[in-house]
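# Summary of the model geometry
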Amino acid sequence: MAKSKEELSFETAMDQLEEIVEKLEEGEVPLEKALEFYQKGMDLSKYCHDTLQKAENQLTKMMTDEGEKTFDLDEEE
């Protein structure tokens, strides 16, 4: 039985996503199974993105003498 997203660690989700990508890149997956893999991969990708976003939001808060202060990270695109 698959773990729920609450029980799924970021690392496990990334491992599962990498496995799905490898299977899809092989190109020998029947269409129905490929669509199933793709949907699961999209779900895992969103979970990982959301988890990273939450971690980034937590890291952008710093404790100062006056209390909690937030700052923006410069992102290169």
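## A closer look at the overall build of the protein
Along the protein, the regular secondary structure elements total two helices and two strands. Buried positions account for 14% of the 77 residues belonging to the protein. Here the analysis covers contacts within the protein between residues at least 6 apart in sequence; of these, 45% occur between residues at least 24 apart. Accessible surface, the protein as shown: approximately 6900 Å² in total, 51% of it carbon and sulfur.

## Describing the packing of helix α1 (residues 10–26) against helix α2 (residues 31–59)
Where α1 meets α2, the closest approach of the two axes is 9 Å, and the angle between their N-to-C directions is 145°. In this structure, α1 crosses over α2, and the sense of that crossing is left-handed. Every residue of α2 that contacts α1 at Phe-10, Ala-13, Met-14, Gln-16, Leu-17, Ile-20, Lys-23 and Leu-24 is listed here: Ala-34, Phe-37, Tyr-38, Lys-40, Gly-41, Leu-44, Ser-45, Tyr-47, Cys-48, Thr-51 and Leu-52. Its residues assigned to classes, the contact of α1 with α2 shows 13 nonpolar, four polar and two charged.

## Notes on a nonpolar patch on the surface
Side chains of Leu-24, Tyr-38 and Met-42 sit close together on the surface and give an oily, nonpolar patch of about 290 Å² of accessible area. If you trace the backbone, Met-42 turns up in helix α2. Overall, the relative accessible area of 42% leaves Met-42 in the partly exposed class.

## Some thoughts on the pattern of salt bridges
Overall, the coordinates contain two salt bridges when judged by the stated rule. Lys-33 is the salt-bridge partner of Glu-36, the closest N and O atoms lying 3.2 Å from each other. Taken together, the residues span about one helical turn, with Glu-36 and Lys-33 both in helix α2 at a distance of three residues. A salt bridge links Lys-46 to Asp-50; the nearest nitrogen and oxygen atoms lie 2.7 Å apart. You can see Lys-46 and its partner Asp-50 sitting in helix α2, four residues apart, about one turn around the helix.

## Side note on a negative patch on the surface
A contiguous patch of negative charge on the surface is contributed by Glu-11, Asp-15, Glu-18, Glu-19, Glu-22, Glu-25, Glu-26 and Glu-28. Secondary-structure assignment places Glu-25 in helix α1.

## Focus on the nonpolar core
Core analysis: the largest hydrophobic core is formed by eight residues, namely Leu-8, Ala-13, Leu-17, Ile-20, Phe-37, Leu-44, Tyr-47 and Cys-48. Residue assignment for this core shows that the elements contributing at least two residues are α1 and α2. Of the residues forming this core, the biggest block, four residues, is contributed by α2. Each residue touching Ala-13, except ones within four places of it in the same chain, is listed here: Leu-8, Leu-44, Tyr-47 and Cys-48.

Rules behind the numbers
- Once a new chain begins, its residue numbering starts again from 1 and follows that chain's sequence as written.
- Local features in this predicted model are restricted to residues of pLDDT 70 or higher, and side-chain atom pairs are both shown and tallied only at a pLDDT of 80 or more, whereas totals for entire chains, interfaces and linings draw on every residue.
- In computing side-chain values, all of the structure's heavy atoms are included and hydrogens and water are not.
- Where helices and strands are cited, they refer to DSSP runs of H or I of at least four residues and of E of at least two residues respectively, numbered from the N terminus.
- The cut-offs for exposure are 20% and 50% of the maximum accessible area for each residue type, with area from a 1.4 Å probe on protein chains only; residues under the lower value are buried, those over the upper are exposed, and the others partly exposed.
- For this analysis, residues touch if any pair of their heavy atoms sits within 4.5 Å.
- The protein chains shown are the only cover counted for residues, whose accessible areas, like all others here, come from Shrake-Rupley with a 1.4 Å probe.
- Angular values range over 0 to 180 degrees, each being the angle between N-to-C directions of two axes fitted as lines to C-alpha atoms, with helices fitted over their stretch in contact.
- It is the rotation of the near helix from the far one that decides the hand of a crossing: anticlockwise by less than a right angle makes it left-handed, clockwise makes it right-handed.
- When residues are sorted by character, Ala, Val, Leu, Ile, Met, Phe, Trp, Tyr, Cys and Pro go into the nonpolar class, Asp, Glu, Lys and Arg into the charged class, and all the rest, Gly among them, into the polar class.
- Patches here: salt-bridge-free residues with over 30% relative accessible area, like charges joined within 9 Å, nonpolar side chains (Val, Leu, Ile, Met, Phe, Trp, Tyr) joined within 5 Å.
- The salt bridge definition used is simple: a Lys or Arg side-chain nitrogen within 4 Å of an Asp or Glu carboxyl oxygen.
- Working convention for charge: Lys and Arg count positive, Asp and Glu count negative, and His plus the chain ends are omitted.
- Every charge is mapped to an atom, namely NZ of Lys, CZ of Arg, CG of Asp or CD of Glu.
- By convention a nonpolar core is built from buried Ala, Val, Leu, Ile, Met, Phe, Trp, Tyr and Cys residues, the set being connected through side-chain atoms within 4.5 Å.

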